[in-house]
Amino acid sequence: MYFYYAEREVEYLKTKDERLREVIEKIGHVDREVDTDLFSSVVHHIIGQQISTKAQATIWARMKAQFG
């Protein structure tokens, strides 16, 4: 499942900041995956705030493999 946003929201953001507009136009639409399990999402973000991104990804993958 991905976070949904439409052109209306993108256009709004582009009017708020010149640099953001440039980045949006350069990168385009981004599909951002959403974790629909609230508990899982909270644990994932707590881990991410405490350690590096690479370590977070490794630990998260192991937890998902172990606990589903």
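None of these values were measured; they are calculated from a predicted model. (Residues numbered from 1 in each chain as written. Predicted model: local features only at pLDDT ≥ 70, side-chain atom pairs only at ≥ 80, totals over all residues. Heavy atoms only, no water.)

Focus on the packing of aromatic side chains
Given two aromatic rings, one states the distance between the centres and the angle between the planes to describe the pair. Considering all chains together, one arrives at one aromatic pair under this definition. Ring centres 6.4 Å apart and planes at 35° place the aromatic pair phenylalanine 3 and tyrosine 5 in the tilted group. (Phe/Tyr/Trp six-rings, centres within 6.5 Å; stacked < 30°, edge-to-face > 60°.)

Re a nonpolar patch on the surface
On the surface, a cluster of nonpolar side chains totalling about 280 Å² of accessible area is made up of Tyr12, Leu13 and Leu20. Counting through the fold element by element, leucine 13 comes out in helix H1 (residues 7-16). The class for leucine 13 is partly exposed, based on a relative accessible area of 39%. (Patch = residues over 30% accessible without salt bridge, like charges linked within 9 Å, V, L, I, M, F, W, Y side chains within 5 Å. Areas by Shrake-Rupley, 256 points an atom, 1.4 Å probe, with all protein chains shown as cover. Salt bridge = Lys/Arg side-chain N within 4 Å of Asp/Glu carboxyl O. Helix = DSSP H or I, 4+ residues; strand = E, 2+ residues; numbered from the N terminus. Buried < 20%, exposed > 50% of the residue type's maximum accessible area, 1.4 Å probe, protein only.)

Some details on the packing of H1 against helix H2 (residues 18-27)
The angle between the axes and the distance between the axes are what describe a pair of packed helices. Where H1 contacts H2, the axes come no closer than 5 Å and their chain directions differ by 140°. With respect to their mutual orientation, H1 and H2 come out oblique. Of the residues in H2, those touching H1 at Val10, Leu13, Lys14 and Lys16 are Glu18, Leu20, Arg21, Ile24 and Glu25. Of the residues belonging to the contact of H1 with H2, the class tally is four nonpolar, no polar and five charged. (Axes fitted to C-alpha atoms, helices over the stretch in contact; angles between N-to-C directions. Parallel < 35°, antiparallel > 145°, perpendicular 65-115°, else oblique. Contact = heavy atoms within 4.5 Å. Nonpolar A, V, L, I, M, F, W, Y, C, P; charged D, E, K, R; others polar.)

Considering helix H4 (residues 53-67)
Spanning 15 residues, H4 covers 21 Å between terminal C-alpha atoms, matching the ideal 21 Å at 1.5 Å per step. One or two steps after H4, the chain reaches glycine 68, where phi turns positive at roughly 80°. (Expected span 1.5 Å × (residues − 1).)

As for the pattern of salt bridges
Here the structure, examined in full by the defined rule, presents four salt bridges. Lysine 14 is paired through a salt bridge with glutamate 11; the nearest N and O atoms lie 3.3 Å apart. Of the two residues, lysine 14 and glutamate 11 both sit in helix H1, three residues apart, roughly one turn of that helix. Note on lysine 14: relative accessible area 16%, which makes it buried. Classification of glutamate 11 by relative accessible area gives partly exposed; the value is 35%. Between glutamate 18 and arginine 21 there is a salt bridge whose closest N-O contact spans 2.3 Å.

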